[in-house]
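Structural description and commentary
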Amino acid sequence: MSAAPSRPVCILGLGLIGGSLLRRLSDTGGPAFGYNRSAGTVEAAAADGYDASTDLSAVLERARNDDAIVVLATPFTALEPMITAVRELAPDCLLTDVVSVKEQVSDLVGRLHPRARYVGGHPMTGTTESGWPATDPGLFEGAMWMVATHDDTVADDWLDVAGIALAAGSYVVPAADDAHDRAAAAISHNPHLTAAVTATVGAGESDLALRLAAGSFRDGTRVAGTAPDLQRAMLEANSVALLNTLSETIDRLITARDALREHGDVAVIVDDGHRARRKYERIAGSPPEPITGVRIGDARWQEELRRQAHLARVWMG
């Protein structure tokens, strides 16, 4: 899972995810270069020996000349000028992204750059830190990296984007955009909201409570430490799917509250949560099972990849 991508990779945005990807691809011998609007970030990257620039036009002209794969690695709120620049300066380059929502990014690309060769992606990894100092070439090792897989996805383009994920050390999870966004709302975005609530309630009790806080509070509120503007960009971009999971969360908590008030027990919510956690541990705690029997490019290959991914299988190349 660590062979270099088949073509150069141009990364637009060198924060935690984009910067870590630049480090990983460069460190493993792949031709990779990047852009960031912050001179401080570019200076830090260059000082560490990486190929980075603040000149977006020059970077995209280079991407066009090198037939590079362009990776959008900015927050969703900063994507529009990036996509417009790609359309104007490197319109024929294969385009992907590492943004945590997929339907809205796909819609934005379709509106701003309708001729784009675009295959979306999302590595399921991260930390609460941000910026170049937080970057880590090992960030993607063993992570799940969703690569958008639709009935009209072009086989060669899909393989090139999947190749970036494999080169970063990740497993590829094929999925449709809407399925990804529902899943991300349930297992990533909703936990950010519940972490925020848990942190607020705990801190609102007293400093004594925070002094007594141990593992359950620490682990349950970890993601609340992420920069608020980055959290908002992620959560608000997936508002439709997040509203559904948030509604279910509220309904379950109200049911638990009523049961505790009327009967003195919380058995249902605790038992359901225990079973769900054990199921997660069985899947996450065992080696990923590979997708098999699929030749990329054969008839209905996209459908078969999605089917097996829904069985928790992954593409390993």
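Conventions we followed
Residues numbered from 1 in each chain as written. Predicted model: local features only at pLDDT ≥ 70, side-chain atom pairs only at ≥ 80, totals over all residues. Heavy atoms only, no water. Helix = DSSP H or I, 4+ residues; strand = E, 2+ residues; numbered from the N terminus. Pairing = 2+ DSSP bridges. Contact = heavy atoms within 4.5 Å. Axes fitted to C-alpha atoms, helices over the stretch in contact; angles between N-to-C directions. UniProt positions renumbered as here; feature names shortened; annotations may be inferred. Buried < 20%, exposed > 50% of the residue type's maximum accessible area, 1.4 Å probe, protein only. Expected span 1.5 Å × (residues − 1). Phe/Tyr/Trp six-rings, centres within 6.5 Å; stacked < 30°, edge-to-face > 60°. Lys NZ or Arg CZ within 6 Å of the ring centre and 35° of its normal. Core = buried A, V, L, I, M, F, W, Y, C linked by side-chain atoms within 4.5 Å.

Things to note about unusual backbone geometry
Within the chain, D67 stands out as a residue other than glycine whose phi angle is a positive 55°. Following the sequence through the fold, D67 ends up in the loop between α3 (56-66) and β4 (69-72).

Side note on the sheet that holds strand β2 (residues 32-35)
In spatial order, the strands read β3-β2-β1-β4-β5-β6; together these six strands make up an open sheet with parallel pairing. Edge strands, defined here as strands with exactly one partner in the open sheet, are β3 (52-53) and β6 (117-118). As defined by bridge partners, β4 adjoins strand β5 (residues 94-97) across three bridges and the pair is classed as parallel. The partner of V71 across the bridge, within β5, is T96. Contacts from helix α4 (residues 79-89) reach β1 (9-12), β2, β4 and β5 within the one sheet, and its direction differs from that of β4 by about 165°.

Overview of the side chain of T153
Looking at the element boundaries, T153 is found in the loop between β8 (144-148) and α6 (155-167). Not counting residues up to four positions away in its chain, the partners in contact with T153 are V119, A148, W158, W301 and Q302.

Observations concerning the UniProt feature "domain: Prephenate/arogenate dehydrogenase" (unreviewed entry) in the chain
The feature "domain: Prephenate/arogenate dehydrogenase" (unreviewed entry), as annotated in UniProt, sits at residues 7-291 in this numbering. The annotated region residues 7-291 carries 56% helix and 13% strand content, and the separation between its end C-alpha atoms amounts to 25 Å.

So, the pairing of β8
Most of β8 sits inside the fold, with four of its five residues counted as buried. The pairing of strand β7 (residues 121-124) with β8 spans four bridges and is antiparallel. Bridging across to β8, P123 finds its partner in W145. Pairing analysis gives five bridges linking β8 to strand β9 (residues 171-175), with the strands arranged parallel. Pairing of W145 across the sheet is with V172, part of β9.

Things to note about helix α1 (residues 16-27)
Between its first and last C-alpha atoms α1 spans 16 Å; for 12 residues at 1.5 Å apiece the expected length is 16 Å, and the two agree. α1 sits mainly inside the fold: 10 of its 12 residues count as buried. Considered for burial, the residues of α1 that qualify are L16, I17, G18, G19, S20, L21, L22, R23, R24 and L25. Where α1 is buried, its residues touch β1, β2, β4, β7, β8 and α6. Directly beyond the C-terminal end of α1, a positive phi value near 95° is found at G29.

Considering the packing of aromatic side chains
Here the structure, examined in full by the defined rule, presents four aromatic pairs. Ring centres of W158 and W315 lie 5.8 Å apart, and the angle between their planes is 75°; on these two criteria the pair is classed as edge-to-face. Note that W158 is positioned in helix α6 and W315 in the segment after β11 (313-314), a separation of 157 residues in sequence. W315 matches W158 in its accessibility class, with the two residues each being buried. A network of ring pairs unites the aromatic residues W158, W301 and W315 as a single cluster. Lying over the aromatic face of F33, R62 brings its terminal NZ or CZ to 3.9 Å of the ring centre.

Considering the sheet that holds β9
Strand order in this open sheet of three strands is β7-β8-β9, and the pairing throughout is mixed. Sheet topology places β7 and β9 at the edges, where each strand pairs with a single neighbour. Each strand of the sheet is rotated relative to its neighbour by a mean of 25°, with strand direction disregarded. Each of β8 and β9 is contacted by α6, which is oriented at about 170° to β8, the strand it contacts most.

Focus: the nonpolar core
Counting 41 residues, the largest nonpolar core has L21, W145 and W158 as its most contacted members. Those elements that place two or more of their residues in this core are β1, α1, α2 (39-47), β4, β8, α6 and α13 (301-309). Examining the composition of this core, we find that eight residues originate from one element, α6, more than from any other. The contact partners of L21, leaving out residues within four places of it in the chain, are I11, V71, F140, W145, I164 and A168.

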